[in-house]
Structures are given as structure tokens and as C-alpha cells.
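# Fold and geometry: a report
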Amino acid sequence: MSEVLVLVDFQNGAVKKPTFELLTLAKRLGEPSAVFIGGSGDAAGVAEAVKKYGAEKLYVIDDAQIKGYLVAPKAEALQQLAEKVSPAAILIPSGAETKEIAARLAVKLDSGLITDAVDIADGGLVTQSVFAGNYTLVGKVTKGTPIITVKPNSAAPEEAAGAAAVEEFAVTISDAAKTAQIVATQPRQATGRPELTEAAIIVSGGRGTGGDFTAVEALADELHAAVGASRAAVDSGWKPHSFQVGQTGKTVSPQLYLANGISGAIQHRAGMQTSKTIVAVNKDEEAPIFELVDFGVVGDLHTVLPALTEAIKQRKA
Ligand code: FAD
């Protein structure tokens, strides 16, 4: 069976959930092999994580030559690995940086690329969600090695034992690829809350908060939830773009999504409509979000949310 390469999403010293989702999808196309571009000091921890999701191999590309540069060297490194192992496909988590890597890799390998997939079926049929989730499109790469970027939360990670045999893969990065250097990085301020795309519960706020997220954040903290925002809230400068849920923000699929003061525009729905349970608080009973919810509360969020937070506190006591 041919290998399927899965690029590991490694941030802040940990393998992120999209890696496990991609390993799960990779099994439909061949034998999953994880690819880690990073310091070999982290390799043992990465191997431990990916072997639980069926990775038979872990290629480690030590980033000494790559570190400090933007995407081009990573694309070159993946090209060299792909040319050696001739994989059946290459799966990459969708993100701003990784999609650029995928595009460069596709040019280098003269191969077809499909971005932002939400599912991959046996036989390499790839589903995309288009027009803000109004249509699904099924496509297939017909040239070269299929390169597919997959949106987070597209598949439930399935545990499966793999060998995760570590193989160091040496690369030679050309000067031509070392054209854009990272000058400084600034870690985002830690909130102590879970990552938006990984959280089991998300409490989001929209324009209806009026810019006051106190009640949204208090409820999120009580539920150990992540905080999300609509684009209206982000465009108003109340939350950074990293909080935005929707077509031009993050796609989330938590167990529970609470939309507060969010009307339910199609572009917002596109990022959260696959949440398992959806609850909305909105003072307008005609708000479109109520067409989507499992539970809806018509009321002022600044009254309803503190009451809900208090009720949860009482239950815990
Ligand atoms: P509004 O639509 O103004 O709704 C506010 C809601 O709050 C109303 O329903 C109101 O009844 C309610 N409300 C007001 N006060 C209270 C209160 N005190 N208590 C309870 N409820 C109250 N949007 C996204 O969210 N994510 C995206 O990624 C995104 N991408 C886009 C991409 C494109 C190309 C375009 C054109 C638009 C995109 N949008 C996106 C914008 C989207 O169309 C909406 O404008 C946006 O989602 C509206 O945000 P909102 O629901 O917070 O605001």
C-alpha cells in the first residue's frame, strides 16, 4: 500500500488535533506517514502522539536550515521527501501558511491541488464546502500526486495503533528558497482558554454585545470554553481576527456552540453549522440564527448570560 504523507500541525510544543484528523482521513487513501518539520528534540513527543492515530512512519525534517524562513524552504523540503517516497497523496492542514506551502509544492511536483477540503473519500474523492456552505463540491486530482489541504474539524479523529517509526530525512535547501526571512515573532497573549478550533464548547459574541464581552467571557470561563466572535464584532475592533468564526474566519465544530447577539448570517453559519448542539441568545425572535438552533432564548444577552453563568455556578456548588 502506498504511503500518504500528512504534514504535522505542531504549535507551542504540542501536536494539534488537525493532525489526527488528517491521519484518520489518510487511511482511506493508503498508509499514513506523518511528516514533522521541526527540531529533532521534539520528535519523540511527536512520534508518541501520531502513533496513536495510525501513523506507520514519522519523517523528521530538522528545521535547522528552514528555521527563520517563511514558507518556500518548507515546500522545497516536502518536494524532496515526496520525490523519494512517491506518496499516494499529501495531506496538509488548511491554514494561511500551510496553503501557501501546498500551492508551492503543487507547482514543484507538477501536481493537482485541492484546498479547504471538508472530507476525503476512498478513491480520492475530495469534498469542498463552497458558497458559504450552500453547496458541496466533490472533486478529484487528476494529475501527479494529489495535494489536499483539509479544514480543521472536518473529521472525527479515530485512534488506531501505528508504528510511528522515526526516520530522519535530510534535505538540501537552495539559496533560491531562502528569500524571505522571519525577523521577529510575537506569541499571542495567552488567554488560558482552549484553542477555538479545538474547544469542545465555544461561547461567541456578535454585534449584539455592543462591544462588551464581559458576560460572554464569564460564561466561557465557567464552561471552560473558548471565546469566538462574529465578523461584525471583529470589524468593530472588539476582538482580534483570530477569534472570528465563519467563512473568512475559523471553521469550528464543537459539541456545544453558543451564539450570543449574532444574527446568523450565512457567512457566520458557514463556520459553525456543523456544531453538535447550537444555542442562541438573541433579543430578536425573528433572527435567522433561530432557524439553526437546538435551543434558543429570546432575550437580552446582558441579562440572560449572567443568569446562566450563575445557574451553572450554583449547580457546581
Ligand atoms: P448583526 O447581523 O448586526 O446581528 C446582531 C444581532 O444581535 C441581531 O440579530 C440583534 O437582534 C442581536 N442583538 C442586539 N443586541 C442584543 C442584545 N443586547 N442581546 C441579544 N441579542 C442582541 N461574518 C462572520 O461572522 N464570519 C465570517 O467569517 C464572515 N465572513 C464574511 C465574508 C464575506 C465575503 C461577507 C460579505 C460577509 C462576511 N461576514 C462574516 C459578515 C456577515 O455577513 C454578517 O455581517 C455578520 O456575521 C454579522 O455579525 P453579527 O451577527 O454579529 O451582527
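Overview of the structure. No experiment lies behind these values; they were computed from the predicted model shown.

## Considering the pairing of strand E13 (residues 226-229)
Here E13 shows a buried face lined by Ala226 and Gly228 and a second buried face lined by Val227 and Ala229. Both strand E12 (residues 201-205) and E13 contribute to a ladder of 4 bridges, which runs parallel. Among the inter-strand pairings, Gly205 is bridged to a residue of E13, identified as Ala229. Handedness of the β-α-β unit built from E12, helix H5 (residues 214-222) and E13 comes out right-handed.

## Brief notes about the sheet that holds strand E15 (residues 277-282)
The parallel open sheet is built from 5 strands, whose spatial order is E13-E12-E14-E15-E16. The outermost strands of the open sheet, each flanked by one partner alone, are E13 and strand E16 (295-298). Within the sheet, the average angular offset between the axes of one strand and its neighbour, ignoring direction, is 15°. With 5 bridges joining them, strand E14 (residues 256-260) and E15 adopt parallel strand pairing. Within E15, the residue paired with Asn260 across the bridge is Val281. The sheet strands contacting H5 are E12, E13 and E14, and the helix crosses E12 at an angle near 175°.

## Brief notes about the pattern of salt bridges
Counted by the stated rule, this structure contains 14 salt bridges. When the shortest N-O distance is used, the salt bridge between Lys17 and Glu21 registers 3.4 Å. With Lys17 and Glu21 both in helix H1 (residues 17-26), this residue pair falls 4 residues apart, about one helical turn. In this structure, Lys74 and Glu97 form a salt bridge, with 2.8 Å as the shortest nitrogen-oxygen distance. Of this pair, Lys74 sits in helix H3 (residues 72-85) while Glu97 sits in helix H4 (residues 96-109), and the two are 23 residues apart along the sequence. The class of Glu97 is partly exposed, set by a relative accessible area of 36%.

## A look at the packing of aromatic side chains
Each pair of aromatic rings is reported with the distance of its centres and the angle of its planes. Throughout the structure, instances matching the rule amount to 2 aromatic pairs. Ring centres of Phe20 and Tyr53 lie 4.2 Å apart, and the angle between their planes is 20°; on these two criteria the pair is classed as stacked. Of this pair, Phe20 sits in helix H1 while Tyr53 sits in the loop between helix H2 (43-51) and strand E5 (57-61), and the two are 33 residues apart along the sequence. Positioned above the aromatic ring of Phe213, the side-chain terminus of Lys239 is 5.2 Å from the ring centre.

Thresholds applied
Residues numbered from 1 in each chain as written. Predicted model: local features only at pLDDT ≥ 70, side-chain atom pairs only at ≥ 80, totals over all residues. Heavy atoms only, no water. Buried < 20%, exposed > 50% of the residue type's maximum accessible area, 1.4 Å probe, protein only. Helix = DSSP H or I, 4+ residues; strand = E, 2+ residues; numbered from the N terminus. Pairing = 2+ DSSP bridges. Right-handed = clockwise from strand over helix to strand, strands pointing away. Axes fitted to C-alpha atoms, helices over the stretch in contact; angles between N-to-C directions. Contact = heavy atoms within 4.5 Å. Salt bridge = Lys/Arg side-chain N within 4 Å of Asp/Glu carboxyl O. Phe/Tyr/Trp six-rings, centres within 6.5 Å; stacked < 30°, edge-to-face > 60°. Lys NZ or Arg CZ within 6 Å of the ring centre and 35° of its normal.

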